[in-house]
Amino acid sequence: MNDMRIVERTVDTHDVKIDAKDVNVHYGTSHALKGVSVAIPDKTVTAFIGPSGCGKSTFLRCLNRMNDTIASCRVDGLIALDGEDIYDRRVDPVQLRAKVGMVFQKPNPFPKSIYDNVSYGPKIHGLTRNKAELDEIVESCLKKAALWNEVKDRLHSPGTGLSGGQQQRLCIARAIATSPEVLLMDEPCSALDPIATAQVEELIDELRSSFSVVIVTHSMQQAARVSQRTAFFHLGNLVEYGETGQIFTSPQDPRTESYISGRIG
Amino acid sequence: MSVLLLLAVMAAIGAAGYIFCRGRVMAQVGGNPRELHSLPGYYGWNGAIMATLPALAVMVVWLIAQPLILESRVVSHLPEATAAEPAARKLAMADIRRVASGLDLAVAGGAIPAQDVATISPGEVRARLGTVGVALGSDVTPETLAAAITWRDQARSGLIGRSVVVILVALAGLAYALMATKPDFRARNRVEKVVLGGLIAASTVAILTTVGIVASMLSESFEFFGMYPWTEFFFGVTWSPNFSGGSTFGFLPLLWGTLYITLVAMLVAVPLGLFAAIYLAEYASPRARSVIKPLIEVIAGIPTVVFGIFALITVGPFLRDWLAQPLGLGNSGSSVMTAGIVIGILNIPYISSLSDDIINAVPQSLRDGSFGLGATKSETVRQVVLPAALPGIVGAGLMATSRAIGETMIVVMGAGAAAKLSLNPFEAMTTMTVKIVGQLTGDTDFGSPETLVAFALGMTLFVITLCLNILALYVVRKYREQYE
């Protein structure tokens, strides 16, 4: 843990963006998530760490109701975005997902051009009035995703032709193009090499100024490098949640200490 | 020894080869298979292959060569004039073969004692063979009888020779395999090479068949174009074959009928099949899918002639009474519409089944990506899944088109057999396949253009479907790697 780069950890605002209270998730008969309560602040990077199968990805997918697409999945408890229950009957999960964007583990650009990949969200949500505005959104999102310089001359070549790291940054550009309020990232760097990982991590830190970012990661170094808040999950329980530096330097729970020092996992 | 018996003997030698070679190599290493290069079974298989394969090859060559050699030997019995003229020679040979096999039957049935065959007189042959059920059209000439007797003798000695040679080759192969069987002999590699050869042979059969079909059609087509100018065939607008001569074979009405009916069929099949596939792949619950998919595929199992009946007595009259007559477009029950709609229905399961597989092959991660951006299911299907699956769907459509072009029975019963060049979809028209059948059924003379035109039509049809298939392959290849 010596290579840990302690980034600026002061949290800019303390407004709670997502407030989860006593969330339980069942897949059929198995109890995947047990009574998780977390308050995720705005304009912050929050990392979820923990061993495989601990429920961190499941919890992440609860935050934009991606679990709805799994028939056997049942979620109860309260998850509020800006104080509104996202599991309320009146909430359209499709609208919710436009506000809570998601980046996946494996880069999954659509088999379309780079331009069409980024403009996909704005187009289906009718965010622009004309082509010029759309062009502007595409350019600004690609710039935010630190991809603009690499692709500006080939916006109309297929997105699948990019390298793995570029594809993942394209997916991030695609996700921020719908101007979400929260960006969920499910192990966004696990399929990338160290250089691409560093680029994406840098990007995540920049995104913090505009969004609340929640990232699931297997790499504790990554959590330490990019996040201000860290939550440690173990066997479906939220064991410990707090300021990242504190979690890594003086964990309160013995399980957290065992995990970050490599004894369990 | 008959071929069947010979095969049985070869199988027995092969089995012996397996047992001997396996036993021998196991004895050489004192029963410890670890010292062998290959598993003991491979040595056994090597023995079996070496014993049977060369012998089988010799037998096949013999079976093909024997009649040719016999023919060249008996041809000396025939009069000069007959032997020189290919067609007459063919007929004479058929006679000889018939008499020879008749004699065989007569001997087997006891009508002629075996020792009398050589001395039988030409005059009594016909009556004697008649008693064992071999009817000859005319009395046998002395030359034919002499040739038949020679043929029969030679064939008998050939039969014995064949058995002896084949069994000797089998035994030699077995001996060779036994000698080669040593612990460090690479039996596994040898056996796998033979298996590879078998796989290649299997794939070659299909290709050779295609080549054979094309070759036979080509030669007949060239014969046709020798009798009838190709410009009038490809650009003529009147199709009126007349078996008593003076026919015009304008191919355009048939091409138009074929394309028109295929177009209607595809307009029915592609949307219905594709929508069914989208429902099955994206919306249906697993339970609904397990019921609906087999039900759609039942259509593929219905014989086309049953579809023809459906076209003839249900769809045709319905379209005539409710659409064609009220709109004043004609009063024929047989029409392009009738055949097209029914062929389209027939093709729904092909399109839906293939498209369903293709849509399912689109990675779930693409759907997740789209859902994650706040797209609805329908937007995801239209903008992500279908574009990704498009090459496969186009391929499925072109395959179904090829099938629709080749459809015959439904066209006969649904669209009639009148070759017409008209835009009205409620008029009876016909297709190339129907005319091929029409020109080749009944009493036909394979020297007249009226019959040979069928081959020219077949060739053209083949070229059209081949081009479609190549186009399908090209489309699928070009876009295949998009999401990989």
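The rules we used
- Residues numbered from 1 in each chain as written.
- Chains lettered and ligands numbered in written order.
- Predicted model: local features only at pLDDT ≥ 70, side-chain atom pairs only at ≥ 80, totals over all residues.
- Heavy atoms only, no water.
- Contact = heavy atoms within 4.5 Å.
- Buried area = accessible area lost by both parts, 1.4 Å probe.
- Salt bridge = Lys/Arg side-chain N within 4 Å of Asp/Glu carboxyl O.
- Polar contact = N/O pair within 3.5 Å; in protein donor to acceptor, adjacent residues only side chain to side chain.
- Helix = DSSP H or I, 4+ residues; strand = E, 2+ residues; numbered from the N terminus.
- Nonpolar A, V, L, I, M, F, W, Y, C, P; charged D, E, K, R; others polar.
- Pairing = 2+ DSSP bridges.
- Core = buried A, V, L, I, M, F, W, Y, C linked by side-chain atoms within 4.5 Å.
- Buried < 20%, exposed > 50% of the residue type's maximum accessible area, 1.4 Å probe, protein only.
- Axes fitted to C-alpha atoms, helices over the stretch in contact; angles between N-to-C directions.
- 1 Å grid on protein atoms, 1.4 Å probe; cavity = no way out; pocket = protein on both sides within 12 Å on 5 of 7 lines; lining within 4 Å.
- Points joined across faces, edges and corners; volume = space filled by probe spheres on them.
- Expected span 1.5 Å × (residues − 1).
- Bend = angle between axes of the 7 residues up to and from the residue.
- Parallel < 35°, antiparallel > 145°, perpendicular 65-115°, else oblique.
- Left-handed = near helix turned anticlockwise from the far one by under 90°.
- Patch = residues over 30% accessible without salt bridge, like charges linked within 9 Å, V, L, I, M, F, W, Y side chains within 5 Å.
- Areas by Shrake-Rupley, 256 points an atom, 1.4 Å probe, with all protein chains shown as cover.
- Domains from an automatic or database assignment.
- Phe/Tyr/Trp six-rings, centres within 6.5 Å; stacked < 30°, edge-to-face > 60°.
- Lys NZ or Arg CZ within 6 Å of the ring centre and 35° of its normal.
- pLDDT = per-residue confidence, 0-100.

Below, the discussion takes up the interface of chain B and chain A. Between chain B and chain A, the residue contacts involve 19 residues of the former and 21 residues of the latter. Both faces combined, the contact of chain B with chain A buries some 1,700 Å², and carbon together with sulfur accounts for 62% of it. Applying the counting rule to chain B against chain A returns 0 salt bridges. Connecting chain B to chain A are 5 residue pairs in polar contact (both at pLDDT 80 or more). Listing elements by their share of the side of chain B that touches chain A, those giving two or more residues are α13 (364–372) and α14 (377–406) of chain B. No other element matches the 7 residues that α13(B) contributes to the side of chain B that touches chain A. Of the residues that constitute the side of chain B that touches chain A, the class distribution is 8 nonpolar, 9 polar and 2 charged.

It is worth spelling out the sheet that holds strand β1 (residues 16–27) of chain A at this point. All names here are of chain A. Within the open sheet, the 4 strands sit side by side as β2-β1-β4-β5. Their pairing is antiparallel. The sheet is open, and its two borders are formed by β2 (30–41) and β5 (84–85), each paired with just one other strand. The sheet contact formed by β1 and strand β4 (residues 73–81) spans 8 bridges and is antiparallel. Across the sheet, residue Ala20 finds its bridge partner in β4, namely Ile79.

Residues A:Leu142, A:Met185 and A:Leu207 are the most contacted members of the largest nonpolar core, which totals 64 residues. Tallying contributions element by element places α14(B) first for this core, with 7 residues. Discounting chain neighbours no more than four positions away, the residues touching A:Leu207 are A:Ile172, A:Ile176, A:Leu183, A:Met185 and A:Val213. The next biggest cluster of nonpolar side chains, apart from the first, holds 30 residues, and it includes A:Ile18, A:Leu96, A:Val100 and B:Phe371.

It is worth spelling out the environment of B:Ala15 at this point. If you trace the backbone, B:Ala15 turns up in helix α1 (residues 3–28). Given a relative accessible area of 40%, B:Ala15 falls into the partly exposed group.

Looking now at the environment of B:Glu192. Here B:Glu192 is to be found in helix α7 (residues 187–227). In sequence terms B:Glu192 and B:Ser365 are 173 residues apart; their C-alpha atoms lie 40 Å from each other.

What follows deals with the sheet that holds strand β9 (residues 229–234) of chain A. Residues and elements named next belong to chain A. Read across the sheet, 6 strands follow the order β6-β7-β8-β3-β9-β10 without closing on themselves; strand pairing throughout is mixed. For this open sheet the edge positions go to β6 (100–103) and β10 (237–243), each flanked by a neighbour on one side alone. On average, each strand axis in the sheet is inclined to that of its neighbour by 15°, with strand direction left out of account. Strand direction decides the pairing type here: strand β3 (residues 45–49) and strand β8 (residues 212–216), joined by 4 bridges, are parallel. Paired with Ala47 across the two strands is Ile215, which belongs to β8. Contacts between helix α6 (residues 164–176) and the sheet are confined to β6 and β7 (182–186), with β6 contributing the most and set at about 170° to the helix.

Glancing now at the pairing of β9(A). Residue and element names in this part refer to chain A. β9 sits mainly inside the fold: 5 of its 6 residues count as buried. Inspection of the sheet shows β3 paired to β9 by 4 bridges, in the parallel sense. When the sheet's bridge partners are listed, Ala47 is paired in β9 with Thr230. Two elements, β9 and β10, share 6 bridges in a ladder whose sense is antiparallel.

For the largest pocket, the calculated volume is near 410 Å³. Across the lining of the largest pocket, the residue classes break down as 7 nonpolar, 5 polar and 5 charged.

Before going further, it helps to examine helix α11 (residues 304–324) of chain B. Residue and element names in this part refer to chain B. The terminal C-alpha atoms of α11 lie 25 Å apart, and with 21 residues this falls more than 12% below the ideal 30 Å at 1.5 Å per residue. By the largest-angle criterion, Ala311 marks the main kink of α11, which is about 40°. Those residues of α11 that sit buried are Phe307, Gly308, Ala311, Val315, Gly316, Pro317, Leu319 and Ala324. For α11, the elements touching its buried residues are α10 (286–301), α12 (336–361) and α15 (409–415).

What follows is about the packing of α12(B) against α14(B). Residues and elements named next belong to chain B. At a minimum axis separation of 9 Å, α12 and α14 run at an interaxial angle of 150°. Considered as vectors, α12 and α14 are oriented roughly antiparallel to each other. At the point where α12 passes α14, the crossing takes the right-handed sense. Contacts from Ile343, Leu346, Asn347, Tyr350, Ile351, Leu354, Ser355, Ile358 and Ile359 of α12 reach α14 at Val385, Leu386, Ala389, Gly392, Ile393, Ala396, Gly397, Met399, Ala400, Arg403 and Ala404. Here the contact of α12 with α14 is built from residues that sort into 15 nonpolar, 4 polar and 1 charged.

Below, the discussion takes up the pattern of salt bridges. Between side chains of opposite charge, a pair can form as their charged atoms come close. Residues and elements named next belong to chain A. Applying the stated criterion across every chain yields a total of 22 salt bridges over all chains. We note a salt bridge from Asp88 to Arg90, for which the minimum N-O separation is 3.2 Å. Judged by relative accessible area, which is 25%, Asp88 ranks as partly exposed. Under the relative-accessibility criterion, Arg90 is labelled exposed at 76%. A salt bridge links Arg208 to Asp205; its shortest N-O distance comes to 3.6 Å. Its relative accessible area of 31% is what places Asp205 among the partly exposed residues.

Turning to the packing of α1(B) against helix α6 (residues 142–180) of chain B, a few remarks are in order. Residue and element names in this part refer to chain B. Between α1 and α6, the shortest axis-to-axis distance is 10 Å and the interhelical angle comes to 10°. In this view, α1 runs roughly parallel relative to α6, as classed from their interaxial angle. In contact with Val3, Leu6, Val9, Met10, Ile13, Gly17, Phe20, Cys21 and Arg24 of α1, α6 contributes Arg162, Ser163, Val166, Ile167, Ala170, Leu171, Leu174, Ala177, Leu178 and Met179. Residues belonging to the contact of α1 with α6 are distributed by class as follows: 15 nonpolar, 2 polar and 2 charged.

A separate point is a nonpolar patch on the surface. All names here are of chain B. Residues Leu4, Leu7, Leu53, Leu56, Val60, Leu63, Ile64, Leu68 and Ile69 make up a contiguous nonpolar surface patch of about 810 Å² in total accessible area. Broken down by secondary-structure element, the contributors of at least two residues to the nonpolar patch are α1 and α2 (40–74). Summarising the element assignment, Leu68 is placed in helix α2.

The subject of this paragraph is the domain arrangement of chain B. By domain assignment, chain B separates into domain 1 (3–185) and domain 2 (234–483). Computed over C-alpha atoms only, the centres of domain 1 of chain B and domain 2 of chain B are separated by 49 Å.

Centre-to-centre distance and the angle between the planes together describe a pair of aromatic rings. Summed over the entire model, instances satisfying the criterion amount to 21 aromatic pairs over all chains. Following the ring pairs from residue to residue traces out a cluster consisting of B:Phe224, B:Phe225, B:Tyr228, B:Trp230, B:Phe233, B:Phe234, B:Trp239, B:Phe249 and B:Phe251. Its guanidinium or amino end placed over the ring of A:Phe110, A:Arg174 lies 4.2 Å from that ring's centre, counting from NZ or CZ. The ring of B:Tyr283 carries the charged tip of B:Lys377 above its face, separated from the ring centre by 5.6 Å.

Mean pLDDT over chain B: 87, with 98% of residues reaching 70 or higher. Helix α9 (residues 252–283) of chain B holds the highest mean pLDDT among the elements of chain B, 93, whereas helix α3 (residues 80–84) of chain B holds the lowest, 74.

All names here are of chain A. Phi angles above zero are rare outside glycine, and Lys43 is one such case at about 50°. Take Lys43: it is sitting in the loop between β2 and β3. The class of Lys43 is partly exposed, set by a relative accessible area of 29%. Phi at Ser179 is positive, roughly 40°, even though this residue is not glycine.

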